[in-house]
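# Topology and contacts: notes
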Amino acid sequence: MNGDSKSTGAATLAGGVHDVYGEDRASEEQIVTPWSRTVASGNVLLRDPRYNKGLAFTDDERDYHYVRGLLPPAHMSQELQEKRLMHIIRQYNTPLQKYMALMDLEERNERLFYKLMIDHVEELLPIVYTPTVGEACQKYGTIFRRPQGLYISLKEKGKVYDVLRNWPEKNIKVIVVTDGERILGLGDLGCQGMGIPVGKLALYTALGGIRPSECLPITIDVGTNNEKLLNDEFYIGLRQKRATGQEYDDLLNEFMYAAKKAYGEKVLIQFEDFANHNAFNLLAKYRSTHLVFNDDIQGTASVVLSGLVASLKLTGGTLADHTFLFLGAGEAGTGIAELIALEMTKQGKISLNEARKRIWLVDSKGLIVKSRMESLQHFKKPWAHEHEPCKGLLDAVKSIRPTILIGSSGVGRTFTKEVIETVSSFNEKPVILALSNPTSQSECTAEEAYTWSKGRAIFASGSPFDPVSINGKTFIPGQSNNAYIFPGLGLGLVISGTIRVHEDMLLAASEALAQQVSKEHLEQGLIYPPFRNIRKISAHIAAGVAAKSYELGLATRLPRPADLVAFAESCMYSPVYRNYK
Ligand SMILES: NC(=O)C1=CN([C@@H]2O[C@H](COP(=O)(O)OP(=O)(O)OC[C@H]3O[C@@H](n4cnc5c(N)ncnc54)[C@H](OP(=O)(O)O)[C@@H]3O)[C@@H](O)[C@H]2O)C=CC1
Ligand SMILES: CC(=O)C(=O)O
Ligand SMILES: [Mg+2]
């Protein structure tokens, strides 16, 4: 018995605080009981990030909730706090310091964090999301302070449901899950991939309006093959090589069914940054039993298709009039290719086979052609057309003569001067998308695309680039990133009570996004609307997705709201401080 003052004779410790539960006096060997109050008032209220509002507590609130004296006497509105925080964040020298400051803020004051994110989305997105989140994942063990999200490792096999029940929130609507094997274009970061689900879910709230308490970031830790991490004393994950085969499948399966048991049939599970040897299989296995989608395959496809549809207004022609060449034939590349082909079949009298013939992909071994069929992974086979082998991208560009060039290889600086000059030599307005993240892995920079194409490229990239000035003309590069799609897509699925994701919903999301591109945007060479309008954009995407879901009979929230955009907007989380009684 360690907390009994009678037995020890010491009723107080540490400046007179009554140590009722004995934590302070317990020696390191003694066992203590973790304990916390359940009603948030006083110091507990101030330290609860969901309810804390710092100096914005009114005098009455300070009285009623026992915080008088726990705060300095001044009052500060949320707007003034926001101004102060932005000032502090802008003082930091490096993006990683800003990232850490923002994560600390989220831990301290959730509403203020989201107010900042929403009001300064263009400035803060590159911090909380790509590219900075990539660096944060690489250094996650070193910068680790408090855990965010739920870790399910091989050690939890057989207990996954219990682990999910440990999460403090019970009403979960969206899970983003990774196993950390393909984090952006940075490869296997093991357990440190947690930064990605955390970042994606912050965007679900800030960009898509899903309540923070309804979001659950999860990392499944099956080990890592990253030697550097395995030898890093600060690594936070299991120190073993990745489990594969049955052992991997069993843990994933246990997780998928435990998630449904814990949160219901309609919990949305977004697969994120799995390596392609698992990603396609997981999607195929669970798409008919769970509400799932793979962001890298499907979300990316939807955002890229949207940008391409918008770009047709600049280049002319229909999708089927274009020739597409991808560098990278993995999740992103083949996912985009499939959706483009599907859209072509919907637009015209063209078969899927005919549509696919307009699309070519290059992988690490060269152009995907028929003669390679035997050795190709299943997701590449539909793209193996009759053609001579081409070793590198440049040869493929010369031979295929694409009108649209898309980078999805995860390898930086692969769109060389020669590649861009060649593609620009036979296109008045070449469409060039350098999708790979983070910035270091981008196939080219915005400046390179505009300079080497002599200002003619219609360019967008996965990670943001600043505007570029060439010979007095300013070019504004767009960001082609699935962050435009998944928050609105998820919102649409959640508010309509959708039970399964259908490809037509991805097309609906894509179309809704393309509709937000105005004439003025196009005149500036932009094929995506600015992120600053993202909440409105997300509401439109959500409405498009929900409408499609009702049409397909997959929505369970009845009756169908008449005005789905207004309904989506009304469902969105607002970070404005609430009054407490
Ligand atoms: N902008 C956005 O919204 C998104 C961007 N991405 C980015 O796209 C990139 C790829 O992701 P993902 O498709 O999931 O990855 P995958 O690993 O599934 O695919 C990568 C592909 O690139 C090929 N590749 C690798 N190196 C080379 C090379 N030197 N030359 C030619 N091809 C090469 C691989 O070839 P092989 O098959 O032969 O190994 C593979 O086909 C990442 O950087 C990721 O961050 C992903 C999703 C969304
Ligand atoms: C954006 C994204 O999902 C990726 O790069 O993996
Ligand atoms: Mg991803």
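Treat the numbers as computed from the prediction; the structure is a model and nothing was measured.

### As for the layout of surface pockets
Taken as a whole, the largest pocket holds about 1400 Å³ of empty space. Around the largest pocket sit 44 residues that line it, and Pro49, Arg50, Glu106, Glu107 and Glu110 are the ones nearest its centre. Contributions of two or more residues to the lining of the largest pocket are made by α4 (78-91), α5 (95-108), α6 (110-119), β3 (150-153), α11 (195-206) and β5 (215-221). Of the voids in this model, the second largest pocket is the one considered here, and its volume is about 910 Å³. Taken together, the elements giving at least two residues each to the lining of the second largest pocket come down to α14 (276-286), α15 (295-315), α16 (331-347) and β9 (359-363). When grouped by side-chain class, the residues that make up the lining of the second largest pocket number 11 nonpolar, 22 polar and 11 charged. Here the lining of the second largest pocket spans two domains, and each of domain 1 (79-289) and domain 2 (298-481) adds at least three residues to it.

### Looking at the site of ligand 2
As a structural note, the neighbourhood of ligand 2 is formed by Tyr129, Arg182, Leu184, Lys200, Glu272, Asp273, Asp295, Asp296, Asn437, Asn481 and Asn482. Within the contact set of ligand 2, an oxygen atom lies 3.0 Å away from a side-chain nitrogen or oxygen of arginine 182. In the model, an oxygen atom of ligand 2 is placed 3.0 Å from a nitrogen or oxygen of the lysine 200 side chain. In the complex, 91% of the free accessible area of ligand 2, which totals 210 Å², lies under the protein chains.

### What about the UniProt feature "active site" (unreviewed entry) in the protein chain?
The UniProt entry lists Tyr129 and Lys200 under the feature "active site" (unreviewed entry), expressed in the numbering used here. On the basis of their most widely separated C-alpha atoms, the annotated residues across 72 residues gather in one place, lying no more than 7.3 Å apart. Looking only at the residues we just named, the second largest pocket is lined by Tyr129 and Lys200. Position of tyrosine 129 among the secondary structure elements: in the loop between α7 (121-128) and α8 (132-138). Once you skip the residues sitting within four places of it in the chain, tyrosine 129 turns out to touch Lys200, Leu203, Asn481, Asn482, Ala483 and Phe486. Position of lysine 200 relative to the elements: it lies in helix α11. You can call lysine 200 buried: its relative accessible area is 4%.

### Quick look at the domain arrangement of the protein chain
On domain assignment, one finds that the protein chain holds domain 1 (79-289), domain 2 (298-481) and domain 3 (485-571). With centres defined by C-alpha atoms, the gap from domain 2 to domain 3 works out at 25 Å. Taken residue by residue, the interface counts 25 residues in domain 2 and 17 residues in domain 3. Summed over both partners, the interface of domain 2 with domain 3 comes to about 1900 Å²; 66% of that surface belongs to carbon and sulfur atoms. The partner of lysine 346 in a salt bridge is aspartate 504, with the nearest N and O atoms 2.8 Å apart. The element best represented in the side of domain 2 that touches domain 3 is α15, accounting for 13 residues. Classifying every residue of the side of domain 2 that touches domain 3 gives 13 nonpolar, nine polar and three charged.

### Re the site of ligand 1
Around ligand 1 there are 26 residues in total, and Arg182, Asn276, Ala329, Ser364 and Lys380 lie nearest to it. Here ligand 1 loses 83% of its free accessible area of 930 Å² to cover by the protein chains. Under a 2 Å grid-point criterion requiring more than half of the atoms, the pocket assigned to ligand 1 is the second largest pocket. Mapped onto the shell around ligand 1, the elements with two or more residues apiece are α15 and α16. Tallied by class, the residues present in the shell around ligand 1 amount to six nonpolar, 15 polar and five charged. Taken domain by domain, the shell around ligand 1 gets at least three of its residues from each of domain 1 (79-289) and domain 2 (298-481).

### Quick look at unusual backbone geometry
Going from threonine 130 to proline 131, the amide bond is cis rather than trans, its omega being 10 degrees. The residue proline 131 is located in the loop between α7 and α8 in this model. Between leucine 558 and the following residue, proline 559, the backbone shows a cis peptide bond with an omega angle of 0 degrees. Of note, proline 559 is situated in the loop between α24 (534-552) and α25 (564-571).

Definitions and limits used
- Residues numbered from 1 in each chain as written.
- Chains lettered and ligands numbered in written order.
- Predicted model: local features only at pLDDT ≥ 70, side-chain atom pairs only at ≥ 80, totals over all residues.
- Heavy atoms only, no water.
- 1 Å grid on protein atoms, 1.4 Å probe; cavity = no way out; pocket = protein on both sides within 12 Å on 5 of 7 lines; lining within 4 Å.
- Points joined across faces, edges and corners; volume = space filled by probe spheres on them.
- Helix = DSSP H or I, 4+ residues; strand = E, 2+ residues; numbered from the N terminus.
- Nonpolar A, V, L, I, M, F, W, Y, C, P; charged D, E, K, R; others polar.
- Domains from an automatic or database assignment.
- Near = heavy atom within 4 Å.
- Polar contact = N/O pair within 3.5 Å; in protein donor to acceptor, adjacent residues only side chain to side chain.
- Areas by Shrake-Rupley, 256 points an atom, 1.4 Å probe, with all protein chains shown as cover.
- UniProt positions renumbered as here; feature names shortened; annotations may be inferred.
- Contact = heavy atoms within 4.5 Å.
- Buried < 20%, exposed > 50% of the residue type's maximum accessible area, 1.4 Å probe, protein only.
- Buried area = accessible area lost by both parts, 1.4 Å probe.
- Salt bridge = Lys/Arg side-chain N within 4 Å of Asp/Glu carboxyl O.
- Sits in = over half its atoms within 2 Å of the grid points.

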